[in-house]
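Per-entry structural report
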Amino acid sequence: MTSNLFPDVSWAMVHINVKTVASSEDANTAFITVLDADGEEVIQSDLEVKDGKAAATKVFPSPKLWWPNGEGDQHLYTLKTTLFGAEKVLLDETTTRFALRSISLIQRPLDDEPGTTFMFNVNGRDIFIQGGNWIPADNLLPRITREKYFAWIGMAKKSHLNMIRVWGGGIYETEDFFDACDENGILVWHDLAFACGDYPIHDAFLENVTKEVEAQVTRIRNRVCLALLCGGNEDFMLAEMGVG
């Protein structure tokens with residue numbers, strides 16, 4: 001699912017794509033419903049499934065926007081997708097939350113200085129970033145419960161942070177982490193998991209890296225809190241030092 005928020009934020013276009021694992025003979029209709037945060041129905045539509053795929057583009061007039069902490073509310077919509085087969089037999093259903101916002105990284109040349117700016121613009125507003133660094137919250141990952149994620153991210157919010165950078169030497173963070181950031185207005189700068197190393201470049205390794213990156217980007221790309229994906233941590237520095 002992708003969205004386009006128009007510059008005056010008066011309306012948005014949301015592109016919904018459904019892909020099934022059932023054969024085209026099994027699945028023939030996808031029924032989508034979009035609810036706002038109060039449970040009010042915003043959109044309802046039947047989509048025809050062909051060759052396991054269905055798509056639709058919907059217009060949101062006067063969208064309720066998602067803002068980083070300190071800039072406004074974090075409005076989240078819910079998309080429910082129900083898959084039907086012949087004679088309206090229910091095959092599967094799933095729900096996901098999403099939000100409407102625009103974000104861009106502004107890199108403009110500096111006046112009379114080398115380099116460029118490095119700032120974020122959200123919903124047409126330049127945002128002063130107040131961030132912190134995130135390493136795994138516990139050496140034993142199963143001990144990091146959903147409640148702990150929300151408690152830690154809640155403390156970041158109370159400390160007036162609006163962005164967390166997930167260190168590349170840690171893990172690809174969990175759905176609970178992203179849920180907490182979505183709900184609390186914490187933007188996420190997420191490193192890919194390549195840190196402090198001089199990595200091989202032979203074909204087998206690159207193929208494995210490609211699969212890893214594709215899987216993780218597909219998993220988290222629709223998260224409203226996701227502001228930036230970074231290639232890694234301190235890798236170019238080590239290469240330039242001739243380490244390895």
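Refer to the preceding data block for the structure.
Below is a summary of the structure that appears in this document. (Residues numbered from 1 in each chain as written. Predicted model: local features only at pLDDT ≥ 70, side-chain atom pairs only at ≥ 80, totals over all residues. Heavy atoms only, no water.)

Quick word on helix α1 (residues 146–158)
Note: α-helices contain 3.6 residues per turn, so residues at a spacing of three or four share the same orientation. Applied cut-off: Per the convention used, a helix needs a DSSP run of H or I reaching at least four residues, while a strand needs a run of E reaching at least two, with both numbered from the N terminus. Helix span is expected to be 1.5 Å times the residue number reduced by one. Think of it in three bands: residues with accessible area under 20% of the maximum for their type are buried, residues over 50% are exposed, and the middle band is partly exposed, with areas taken using a 1.4 Å probe on protein chains only. Each direction from the helix axis to a C-beta atom contributes to the arc, which is the arc of those directions. Note on definitions: a residue-residue contact is assigned when non-hydrogen atoms from the two residues lie within 4.5 Å.
Taking 1.5 Å per residue as the helical rise, α1 with its 13 residues ought to reach 18 Å, and the 18 Å between its terminal C-alpha atoms agrees with that figure. Buried within α1 we find Tyr149, Ile153, Gly154 and Ala156. Buried residues in α1, looked at end-on, bunch into an arc of 155 degrees, giving them a common side. Residues of α1 that are exposed and angled more than 90 degrees away from the buried face: Glu147 and Lys158. Against β11 (131–134), β12 (163–166) and α2 (175–184) lie the buried residues of α1. Where α1 ends, the next residue or the one after it, His160, has phi of about 70 degrees, a positive value.

Quick look at the pairing of strand β2 (residues 11–19)
For clarity, the threshold we go by: Two strands pair under a simple rule: DSSP has to find at least two bridges between them.
Burial along β2 is one-sided: Ala12, Val14, Ile16 and Val18 are buried, while Trp11, Met13, His15, Asn17 and Lys19, pointing the other way, are not. Bridge analysis of β2 against strand β5 (residues 53–61) gives nine bridges, and the strand direction is antiparallel. The residue of β5 that forms the bridge with His15 is Thr57.

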